[in-house]
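So you can see what is in the structure, the chains are spelled out below.
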Amino acid sequence: MNMTANLPKIELHLHLEGAAPPAFIRGLAKEKAMDLSGIFDERGHYAYRDFWHFLKVYEAATETLKSPEDYHRLTLAVLEESAASGVVYSETFLSPDFCGGRDVEAWKDYLAAIREAADLAEKRDGITLRGIITAIRHFGPEKARETALCAAETAGDWIVGFGLAGDEKMGKPKDFAWSFDAAREAGLRLTAHAGEWGGPDSVRDAIRDLGVERIGHGVRAIEDLALVDEIAEKGVVLEVCPGSNVALGIYRTWRDHPIHRLRERGVKVTVSTDDPPFFHTTMKNEYDRLADAFDWDEGVFDAIARTSIDAAFCDGDTRDRIVKKLEAARA
Ligand code: HPA
Ligand code: ZN
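These numbers were taken from a predicted model, which means no experiment stands behind them. (Residues numbered from 1 in each chain as written. Chains lettered and ligands numbered in written order. Predicted model: local features only at pLDDT ≥ 70, side-chain atom pairs only at ≥ 80, totals over all residues. Heavy atoms only, no water.)

Draft legend 1. Representation of the layout of surface pockets within the structure. Computed from the structure, the largest pocket encloses a volume of approximately 250 Å³. In terms of lining residues, the largest pocket is bounded by 17 residues, among which Glu81, Pro276, Pro277, Thr281 and Thr282 are the most central. For the lining of the largest pocket, the elements supplying multiple residues, two or more each, are strand 1 (9-15) and helix 3 (68-84). Examining the composition of the lining of the largest pocket, we find that 3 residues originate from one element, helix 3, more than from any other. Of the residues that constitute the lining of the largest pocket, the class distribution is 8 nonpolar, 7 polar and 2 charged. There is about 210 Å³ of room inside the second largest pocket. Lining of the second largest pocket is provided by Met3, Asn6, Leu7, Pro8, Tyr287, Glu298, Phe301, Asp302, Ala305, Leu326, Ala329 and Arg330. Counting residues per element, the ones that place at least two in the lining of the second largest pocket are helix 12 (298-311) and helix 13 (316-330). If one sorts the elements of the lining of the second largest pocket by residue count, helix 12 sits on top with 4 residues. (1 Å grid on protein atoms, 1.4 Å probe; cavity = no way out; pocket = protein on both sides within 12 Å on 5 of 7 lines; lining within 4 Å. Points joined across faces, edges and corners; volume = space filled by probe spheres on them. Helix = DSSP H or I, 4+ residues; strand = E, 2+ residues; numbered from the N terminus. Nonpolar A, V, L, I, M, F, W, Y, C, P; charged D, E, K, R; others polar.)

Here you go:
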C-alpha cells in the first residue's frame, strides 16, 4: 500500500458514460444483441485514434445505455471503481441528450434511477455523488437550450451544476449563453470545457461569456501568463485531468503537463480522470503519476483535496460532511 492509496480523493470532472468499464458495455451489448466489436481493441480496451474519434466511440458505447435501469447499473459500476481508488466525493456529468433525448419527463426517470444507485453506493462504499448536467457542444445551441430546460426542471440539492462538454472546436461559448443564463437563474453552478483543444482565448471566452466559476481542463491557459494570473486572481477553479491530456496527446509526458506550473502560479487546480477507462487511468493512478512527475507529497494532495471540496457545487451540509472525512484521514 503506497502513500496515495489511503488519501481521500475528491473528483469534480467525470463523464458518467465515459467512466463505463468496457466489460460492462460489452455485457450490455451482448444482452441487447448489438455488435460493438469495432470500438474495442484486441485486449478489450476502448479503441480510438484521436479526440474526435474518441467522441464517436464514446457515443457508440453510449448506444447500449437505453433505459433508466441501464443507467442504474452503470452508476453502481462506476462508483464501485471510484470508491476503490479512494474517492469520497464525486461530481459526474450527465447528459439528457443520452438519457431520454432531452424530454423532461423521460429525463426525470433516468435521474431517479441514477440517484437511487448513488444512494445504494453511498451506503455500500461511502462515496457521495452529485450531478452536473452538460449540454453537448457539437449537438449545437438549440439542443443545449432543451438540455438547460431539463437542468432547470431538476435543479436542487442533487443536480447542482450545469456545464458544456463535447467538441470544443464547434461554435463559441457565447452561442450557449442563453442556456447558461437559464441554468444560473435556476440556481445551478456553472462550468465549461475550455482550454483543452482551444487555446487561452477559449478559456477567456468561457469565463467572460458564460460566467463560469470552474473550467473543465483550462490547462492551455498556461500559454498566456496574463490569463493565468487573471484566473488565479478571480479564483476560477480548473478541473485538471492530466492523464486524459497525456492520453490524447496534448502533452507528451506527465512531466510536460502544466498542472504543477499552474499551481505554483497560484491557480486553484483540482485533479480528475475525465473518462477513466478510455484513458487507462483511475484517480489513484492520477495521484501516483503526479507524485512521480512532480515529487508531490501528502501535503500537496491534502491541499488539492481541500481546494476541490471548496470548489464542489454541493450544499454546505454535504461539504461539511466531506470535510470531516478529510480531517479524520489527516488525524
Ligand atoms: N471531453 C469533452 N467532451 C466529452 C468528454 C471529454 O473528455 N467525454 C465525453 N464528452
Ligand atoms: Zn471532460
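Draft legend 2. The arrangement of empty space enclosed by the protein in detail. Per the stated rule, a full pass over the model turns up 1 cavity of 30 Å³ or more. In this structure, the largest cavity occupies an estimated 220 Å³ of space. Along its surface, the largest cavity is lined by 20 residues, and His15, Leu55, Tyr58, Ala165 and Gly166 are the ones closest to its centre. Elements with a minimum of two residues in the lining of the largest cavity: helix 2 (51-62) and strand 3 (128-136). Considering each element in turn, the lining of the largest cavity owes the most residues, 5 residues, to helix 2. Taken together, the residues of the lining of the largest cavity break down into 8 nonpolar, 7 polar and 5 charged.

Draft legend 3. Summary view of the coordination of the zinc ion (ligand 2). Listed as protein donors to the zinc ion (ligand 2) are His13 (NE2), His15 (NE2), His193 (NE2) and Asp274 (OD); their distances from the metal cover 2.1 to 2.2 Å. If you look at the zinc ion (ligand 2), its 4 donor atoms make angles of 84 to 170° with each other, and the shape they trace is irregular. All donors to the zinc ion (ligand 2) come from one chain, and their sequence spacing reads H-x1-H-x177-H-x80-D. On the criterion of sequence distance, the pair formed by histidine 13 in strand 1 and histidine 193 in strand 5 (residues 189-194) is long-range, its members being 180 residues apart. Exposure remark for histidine 13: the relative accessible area of 0% places this residue in the buried category. (Donors = N, O, S within 2.8 Å, 3.2 Å for Na, K, Ca; no water. Tetrahedral: all angles 85-135°; square planar, octahedral: opposite > 155°, others 65-115°. Buried < 20%, exposed > 50% of the residue type's maximum accessible area, 1.4 Å probe, protein only.)

Draft legend 4. Molecular detail of the side chain of serine 85. Tracing the backbone through its elements, the reader meets serine 85 in the loop between helix 3 and strand 2 (87-94). Engagement of the side chain of serine 85 in a polar contact is seen with the backbone nitrogen of lysine 284, the distance being 2.8 Å. Beyond its immediate chain neighbours, meaning those up to four positions away, serine 85 contacts Lys9, Thr282, Met283 and Lys284. (Polar contact = N/O pair within 3.5 Å; in protein donor to acceptor, adjacent residues only side chain to side chain. Contact = heavy atoms within 4.5 Å.)

Draft legend 5. Structural detail: the side chain of aspartate 275. Following the sequence through the fold, aspartate 275 ends up in the loop between strand 8 (268-271) and helix 11 (283-294). Not counting residues up to four positions away in its chain, the partners in contact with aspartate 275 are His15, Gly18, Phe54 and Tyr58.

Draft legend 6. How the structure looks around the site of ligand 1. Taken together, His15, Phe51, Phe54, Leu55, Tyr58, Ala165, Gly166, His193, Asp274 and Asp275 make up the full set of residues near ligand 1. Residue glycine 166 places a main-chain N or O atom 2.8 Å away from a nitrogen atom belonging to ligand 1. Interatomic distance of 2.7 Å between a side-chain N/O atom of aspartate 275 and an oxygen atom of ligand 1. Considered on its own, ligand 1 offers 260 Å² of accessible surface; in the complex 95% of this is hidden by protein. Counting atoms within 2 Å of the grid points, the majority share of ligand 1 lands in the largest cavity. Considering each element in turn, the shell around ligand 1 owes the most residues, 4 residues, to helix 2. Looking at the shell around ligand 1 residue by residue, the classes come out as 5 nonpolar, 3 polar and 2 charged. (Near = heavy atom within 4 Å. Areas by Shrake-Rupley, 256 points an atom, 1.4 Å probe, with all protein chains shown as cover. Sits in = over half its atoms within 2 Å of the grid points.)

Draft legend 7. Structural context of the packing of helix 3 against helix 4 (residues 104-125). Packing of helix 3 against helix 4 leaves a shortest axis separation of 8 Å and a crossing angle of 30°. One element, helix 3, and the other, helix 4, form an angle in the roughly parallel class. The two elements helix 3 and helix 4 meet at a crossing, and its hand is right-handed. Side by side, helix 3 and helix 4 meet where Pro68, Tyr71, His72, Thr75, Leu76, Leu79, Glu80 and Ala83 of the first sit next to Asp109, Tyr110, Ala113, Ile114, Glu116, Ala117, Ala118, Leu120, Ala121, Arg124 and Asp125 of the second. The residue inventory of the contact of helix 3 with helix 4, partitioned by class, reads 12 nonpolar, 2 polar and 5 charged. (Axes fitted to C-alpha atoms, helices over the stretch in contact; angles between N-to-C directions. Parallel < 35°, antiparallel > 145°, perpendicular 65-115°, else oblique. Left-handed = near helix turned anticlockwise from the far one by under 90°.)

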